[in-house]
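Descriptive structure summary
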Amino acid sequence: MNSPLKTARVAACVFLGIFFLGMSTELVIRPGMIVPGDAAATVRNIAASEALFRLSLVSDLIRQGLLMLLPLVLYKLLKPVNKTIAALIVIFALVGVSISMLNEINHFAVLLLSSGTGYLTAFKADQLNALVMFFLELRTYGTYIPQLLSFWVLLLGYLVFKSGFLPKILGILLMFGGLCYTVSAVLFFLLPSFDATIFGLFAFVGESLFYLWLLIKGVKVEEWEKRTLESA
């Protein structure tokens, strides 16, 4: 990936992979299984669609793998702007991904509790159902912990703004989006009943526009090479 255009488009393709895997699991596969407020129905649905639930887990793990790759590609693209900040992006992003991967253990717990394995006979049906909902809720909480570290998106926006080879407006949108991610996570823990969807929407729009630009337009190669020579 010596070409900055190729690097930019690899980053965009990785993001698209993350997006489609995330949408397939969170909006298509799991919502049909999980019935809010009805633990028994949720357990029945998961038990009846075990293969599909396992597929969603594999999809999540692949998505996390791509999320590990993304900051590394972005580092290669943006290190000519500021190598230290680019390295911080990688560190915070990878820590967040590590937490997210551990958080998937909650879904494996749900799968085991719904499997009807022999040793689970020590629990009554109502207890098993309650445990399933507990681990599903715990997984939801767990998704907001790495989101606290999403200020790496703000740092990404700063580098884009200062780069000279990408539009400044994309940097502004990313900085605002990174702030929205972090604020949304803080609000979730402080005010769980507060609907912070709008913050996530703003952040998603900023990121999407950035990666679409990388995919379609790429970067100004001459400016990127100039920054590379200056940072050498």
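Rules of the game
Residues numbered from 1 in each chain as written. Predicted model: local features only at pLDDT ≥ 70, side-chain atom pairs only at ≥ 80, totals over all residues. Heavy atoms only, no water. Helix = DSSP H or I, 4+ residues; strand = E, 2+ residues; numbered from the N terminus. Buried < 20%, exposed > 50% of the residue type's maximum accessible area, 1.4 Å probe, protein only. Contact = heavy atoms within 4.5 Å. Areas by Shrake-Rupley, 256 points an atom, 1.4 Å probe, with all protein chains shown as cover. Core = buried A, V, L, I, M, F, W, Y, C linked by side-chain atoms within 4.5 Å. Patch = residues over 30% accessible without salt bridge, like charges linked within 9 Å, V, L, I, M, F, W, Y side chains within 5 Å. Salt bridge = Lys/Arg side-chain N within 4 Å of Asp/Glu carboxyl O. 1 Å grid on protein atoms, 1.4 Å probe; cavity = no way out; pocket = protein on both sides within 12 Å on 5 of 7 lines; lining within 4 Å. Points joined across faces, edges and corners; volume = space filled by probe spheres on them. Nonpolar A, V, L, I, M, F, W, Y, C, P; charged D, E, K, R; others polar. Phe/Tyr/Trp six-rings, centres within 6.5 Å; stacked < 30°, edge-to-face > 60°. Axes fitted to C-alpha atoms, helices over the stretch in contact; angles between N-to-C directions. Left-handed = near helix turned anticlockwise from the far one by under 90°. Parallel < 35°, antiparallel > 145°, perpendicular 65-115°, else oblique.

1. Remarks on the overall build of the protein chain
Along its length, the protein chain carries 10 helices and 0 strands. The linear arrangement of helices and strands in the protein chain, starting from the amino end, is α-α-α-α-α-α-α-α-α-α. Structurally, the protein chain occupies a C-alpha span of about 65 × 35 × 25 Å along its principal axes. Here the protein chain holds 232 residues, and the buried ones make up 41% of them. Relative to all contacts within the protein chain whose residues are 6 or more apart in sequence, the contacts with residues 24 or more apart total 76%. For the protein chain, the exposed area adds up to about 12,000 Å²; of that, 71% sits on carbon and sulfur atoms.

2. Description of the nonpolar core
Among soluble globular proteins, nonpolar side chains are generally buried collectively. Leu78, Leu156, Phe210 and Leu214 are the most contacted members of the largest nonpolar core, which totals 34 residues. What Leu78 contacts, discounting residues up to four positions off in sequence, is Ala86, Leu156, Leu159, Val160, Phe165 and Leu166. In this structure, Ile46, Leu57, Leu111 and Leu120 belong to the second largest nonpolar core, which totals 13 residues.

3. What to know about a nonpolar patch on the surface
Taken together, Phe176, Ile198, Leu201, Phe202, Phe204, Val205, Leu209, Leu212, Leu215 and Ile216 make up a surface patch of nonpolar side chains, about 860 Å² in accessible area. Examining the composition of the nonpolar patch, we find that 9 residues originate from one element, helix H9 (residues 197-216), more than from any other. Relative to the elements of secondary structure, Leu201 occurs in helix H9. With a relative accessible area of 46%, Leu201 lands in the partly exposed category.

4. Some remarks on the layout of surface pockets
When its volume is computed, the largest pocket comes out at roughly 1,900 Å³. Around the largest pocket sit 49 residues that line it, and Glu26, Arg63, Thr143, Gln147 and Tyr181 are the ones nearest its centre. When residues of the lining of the largest pocket are traced back to their parent elements, those giving at least two are helix H1 (4-29), helix H3 (50-78), helix H4 (83-103), helix H6 (125-147), helix H7 (151-163), helix H8 (168-190) and H9. Taken together, the residues of the lining of the largest pocket break down into 28 nonpolar, 13 polar and 8 charged.

5. Here's the deal with the side chain of Glu104
With respect to the helices and strands, Glu104 occurs in the loop between H4 and helix H5 (105-113). With relative accessibility at 2%, the residue Glu104 sits in the buried group.

6. Some thoughts on the packing of aromatic side chains
The full count for this structure, using the stated rule, is 11 aromatic pairs. With a centroid separation of 3.9 Å and an interplanar angle of 5 degrees, the aromatic rings of Tyr144 and Phe188 are classed as stacked. Taken together, the residues Tyr144 in helix H6 and Phe188 in helix H8 connect sequence positions 44 residues apart. Relative accessible area serves as the criterion here: at 21%, Tyr144 is assigned to the partly exposed category.

7. A look at the packing of H8 against H9
In contact at an axis separation of 8 Å, H8 and H9 are set at 145 degrees when each is read in the N-to-C sense. The way H8 lies across H9 gives a crossing that is left-handed. On H9, the residues touching Leu170, Leu173, Leu174, Phe176, Gly177, Cys180, Tyr181, Val183, Ser184 and Leu187 of H8 are Phe199, Phe202, Ala203, Phe204, Gly206, Glu207, Leu209, Phe210 and Trp213.

8. A few points about helix H2 (residues 39-48)
Counting along an α-helix, one turn takes 3.6 residues, and residues three or four places apart therefore face a common direction. Buried within H2 we find Ala39, Ala41, Thr42, Val43 and Ile46. Structurally, H2 contributes buried residues whose contacts are with H3, H5 and H6.

9. Thoughts on the packing of H3 against H4
Across the interface, H3 lies against H4 with an axial gap of 9 Å and an inter-helix angle of 175 degrees. Our classification of the angle between H3 and H4 gives roughly antiparallel. On the side of H3, the interface is formed by Leu61, Gln64, Gly65, Leu67, Met68, Pro71, Leu72, Tyr75 and Leu78, while H4 contributes Lys83, Ala86, Ala87, Ile89, Val90, Ala93, Leu94, Val97, Ser100 and Met101. In the contact of H3 with H4, the residues fall into 15 nonpolar, 3 polar and 1 charged.

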